[in-house]
Amino acid sequence: MNGNTGVVSGVRVSHETASLDELAAASAASTEAALDALLEQPPVEEAFVLQTCHRVEAYVVTADQASGRRALRAAGFDPAGAGAVSMGHEESLRHMLRVAAGLESLVVGEDQILGQLRDAYDAAKDAGGIDRVFREAVTKAMHVGERARTETAINEGATSLGTAAVRLAERKTRLEDARALVVGAGEMGALAAKAFASADVAEVVVANRTPERADRVAEGVDARTETTDLADARGRLDAADVVVAATSSPEHVLPASAFADAGETVVVDLAQPRDVAPAAGTHDAVSIHDLDDLEAVTAATRERREDAAREVEAMIEEEFERLLAQYKRKRADEVIARMYESADRLKSREVQTAVQRLEAERGEDLSEDDREVLESMADALVSQLLAAPTRSLRDAAAEDDWSTIATALELFDPDFEDGMPFDVPPSEPASAESED
């Protein structure tokens, strides 16, 4: 990775822009595989991927926007793909803050996204995809997410997808004394199991690939519980009145044939890709609902939180401006440091020349005291000469005046050649040039 602050390019596919099939098609086999594919692209300096049940987002840092979009496309995240939204530098950064704050979630203000964001950051860090740009961006996003939840009512009475699924099921059938089956013992499955207990079901069966994890979920449920593995879950459908499925399996966990004798059953499938084969809905007594059907449940929550959302929007703008200012200061400091390095090289060369001339005239070596006087004088001259340009460069960066920075480099860097020896900054119009 180079030492410059590059440009962020992003692509997102979410429940708001794509159908479930398009979302499934955009999903990578795993976050790790997606990160590897992005980091294999030559222009990519940093990479970050966020995949949840209702969003797929990929971000890269490159020298300019066009190369970023090409790298995303080459790694399987086509900015022009079905349901995809392409994002430039500032839009990507602002969107990260909105996601962390819960404003982009199906359930506005839900808390689970913060944990998912942290997991995505850890995965990107392990893959070598995190450096200065994403370290600051994702850290800022998590900070905003925490502020939103502690300083506003954005998550007051928040329903997670798991609890929203149970509320949807409650609209379709009577839950009191019902038998519930939760397939998947991740965060959503755990929340669904607890929500079922709060709805006074008679029993909650938790099924998971590893029964030990199902046991841990069952321990936190205030109701009669049983646990089993995924294979046995298919045989439990006959006894279940309501099913919530939320695994990370790449294939259907519950085939259509498993519902043949299930009788009247309400199924809410939260998984992406789907856990339940769509053909299961052809059985007369089986009703299947997915993420799209949760909109009706979550709409009321969204309306109740409109005031809090406005507060969070203002908070995001404030933090977004701080993040941009932070990047601008660093870009200016990088250019200033290079200017000082160049001046220091000149200073060292000229001091050495002066020492050699004085020693030749005197016929003897200069004393250490004399050398220190020369060095101090040269340092003072450099500091005084570069003080005003330093202030001007910082002002120029704050105002996105990159031509001034380029001119300063040309004036003060004796090694300056044609073209700018640093990456075009994110706010430059050049970032929107043709991709090909």
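Summarised in this report is the structure supplied together with it. Quick caveat, the model's predicted, so the values are computed rather than measured.

## Description of the overall build of the protein
Right, on to step 1. Per the secondary structure count, the protein includes 14 helices and 10 strands.
Right, on to step 2. Per-residue burial over the protein gives 50% buried out of 436 residues.
Right, on to step 3. Counting contacts in the protein only where the partners sit at least 6 residues apart, residues at least 24 apart contribute 70% of the total.
Right, on to step 4. Counting every atom, the protein has about 20,000 Å² of accessible surface; 46% of that belongs to carbon and sulfur.

## A few points about the sheet that holds strand β1 (residues 7–14)
Right, on to step 1. One open sheet accounts for four strands, arranged β2-β3-β1-β4; its pairing is antiparallel. Both outer strands of the open sheet, β2 (46–52) and β4 (84–87), are each paired with one neighbouring strand and no more. Taking each pair of neighbouring strands and ignoring which way they run, the sheet shows an average axis angle of 10°.
Right, on to step 2. By the bridge criterion, four bridges tie β1 to β4 in an arrangement that is antiparallel. Each residue of the ladder has a partner; that of Arg-12, found in β4, is Val-85.
Right, on to step 3. Most of the contacts of helix α3 (residues 65–74) go to β1, to which it runs at about 40°, and overall it touches β1, β3 (55–62) and β4.

## Things to note about the nonpolar core
Right, on to step 1. By size, the foremost hydrophobic cluster in this structure holds 58 residues, and its most contacted members are Leu-38, Phe-48 and Phe-134.
Right, on to step 2. If one sorts the elements of this core by residue count, helix α12 (residues 306–362) sits on top with nine residues.
Right, on to step 3. Those residues within four positions of Leu-38 in sequence are excluded, and the remaining contacts are Val-44, Ala-47, Val-49, Ala-58, Tyr-59, Val-60, Ala-71, Leu-72, Ala-75 and Phe-77.
Right, on to step 4. In this structure, Leu-106, Ala-165, Met-188 and Val-242 belong to the second largest nonpolar core, which totals 37 residues.

## Quick look at a negative patch on the surface
Right, on to step 1. A cluster of acidic residues, Glu-32, Asp-36, Glu-40, Asp-119, Asp-122, Asp-126 and Glu-187, forms a negative patch at the surface.
Right, on to step 2. Within the residue set of the negative patch, elements represented by two or more residues are α2 (31–39) and α5 (112–126).
Right, on to step 3. By the element assignment, Glu-187 lies in helix α8 (residues 187–198).
Right, on to step 4. Classification of Glu-187 as partly exposed rests on a relative accessible area of 45%.

## Topic: α8
Right, on to step 1. Taking 1.5 Å per residue as the helical rise, α8 with its 12 residues ought to reach 16 Å, and the 17 Å between its terminal C-alpha atoms agrees with that figure.
Right, on to step 2. Burial in α8 covers these residues: Met-188, Gly-189, Ala-190, Ala-192, Ala-193, Ala-195, Phe-196 and Ala-197.
Right, on to step 3. In this fold, the buried residues of α8 make contact with α7 (161–172), β5 (179–183), β6 (203–207), α9 (211–219) and β8 (242–245).

## Re the side chain of Thr-390
Right, on to step 1. Its location among the elements puts Thr-390 in helix α13 (residues 368–398).
Right, on to step 2. For Thr-390, a relative accessible area of 7% gives the class buried.
Right, on to step 3. Polar side-chain contacts of Thr-390 include one of 2.7 Å to the backbone oxygen of Leu-386.
Right, on to step 4. Apart from residues no more than four positions distant in its own chain, Thr-390 is found in contact with Ile-336, Met-339 and Tyr-340.

## Looking at the sheet that holds strand β10 (residues 286–289)
One key point about sheets: their strands pair by backbone hydrogen bonds, in either a parallel or an antiparallel sense.
Right, on to step 1. Here six strands make up an open sheet; going across it, the order is β7-β6-β5-β8-β9-β10 and the pairing parallel. Bordering the open sheet on either side are β7 (225–228) and β10, each of which pairs with just one other strand. Across the sheet, the mean angle separating the axes of adjacent strands is 15° when strand polarity is ignored.
Right, on to step 2. Here α8 sits on the sheet in contact with β5, β6 and β8, set at roughly 170° to β5.
Right, on to step 3. Against the sheet, α9 touches β6 and β7, its axis set at about 165° to β7.

Each value, and the rule that gives it
- Residues numbered from 1 in each chain as written.
- Predicted model: local features only at pLDDT ≥ 70, side-chain atom pairs only at ≥ 80, totals over all residues.
- Heavy atoms only, no water.
- Helix = DSSP H or I, 4+ residues; strand = E, 2+ residues; numbered from the N terminus.
- Buried < 20%, exposed > 50% of the residue type's maximum accessible area, 1.4 Å probe, protein only.
- Contact = heavy atoms within 4.5 Å.
- Areas by Shrake-Rupley, 256 points an atom, 1.4 Å probe, with all protein chains shown as cover.
- Pairing = 2+ DSSP bridges.
- Axes fitted to C-alpha atoms, helices over the stretch in contact; angles between N-to-C directions.
- Core = buried A, V, L, I, M, F, W, Y, C linked by side-chain atoms within 4.5 Å.
- Patch = residues over 30% accessible without salt bridge, like charges linked within 9 Å, V, L, I, M, F, W, Y side chains within 5 Å.
- Salt bridge = Lys/Arg side-chain N within 4 Å of Asp/Glu carboxyl O.
- Lys, Arg positive; Asp, Glu negative; His and termini not counted.
- Charge placed at Lys NZ, Arg CZ, Asp CG, Glu CD.
- Expected span 1.5 Å × (residues − 1).
- Polar contact = N/O pair within 3.5 Å; in protein donor to acceptor, adjacent residues only side chain to side chain.

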